[in-house]
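Notes for the structure review
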Amino acid sequence: MDNRPKKSNDKLTGIVMEPVAVSIQNAARLLGISDRTLYDMTNMEGFPAFKIGNRTLISVEGLREWVRERIRPQRSAQ
């Protein structure tokens, strides 16, 4: 079963749009960690989470950048 966030395809224009934000569950699957671990990470300063009503969402681009920032120090140490 494919758990990646779905891309929206506008049948009239043919434009494929990626989601701007994903749920805790989808973001956890993208990172390969548990939902609980990701939920705990949402309280970290600089983590790209935000709330809309009662729902916590993760910015897709923010998550990509957050991961990039954590990879850079490891590469420069090698």
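The following paragraphs examine the structure supplied in this document.

**Concerning the side chain of Ser23**
Along the chain, Ser23 falls in strand 3 (residues 21-23). On the basis of relative accessible area, Ser23 is assigned to the buried category, the value being 10%. With residues near it in sequence (within four places) discarded, Ser23 still touches Arg55, Thr56, Leu57 and Ile58.

**Structural notes on the environment of Pro19**
Along the polypeptide, Pro19 turns up in the loop between strand 2 (16-17) and strand 3. Residue class for Pro19 comes out partly exposed when judged on its relative accessible area of 25%.

**Regarding the pairing of strand 4 (residues 49-52)**
The side chains of a regular strand alternate, first on one face of the sheet and then on the other. When strand 4 meets strand 5 (residues 55-59), the two strands line up antiparallel, connected through 4 bridges. By the bridge assignment for strand 5, Lys51 is matched with Thr56. In this structure, the hairpin formed by strand 4 and strand 5 is closed by a connection of 2 residues, where Gly53 is found at a positive phi of approximately 65°.

Reading the values: rules and limits
Residues numbered from 1 in each chain as written. Predicted model: local features only at pLDDT ≥ 70, side-chain atom pairs only at ≥ 80, totals over all residues. Heavy atoms only, no water. Helix = DSSP H or I, 4+ residues; strand = E, 2+ residues; numbered from the N terminus. Buried < 20%, exposed > 50% of the residue type's maximum accessible area, 1.4 Å probe, protein only. Contact = heavy atoms within 4.5 Å. Pairing = 2+ DSSP bridges.

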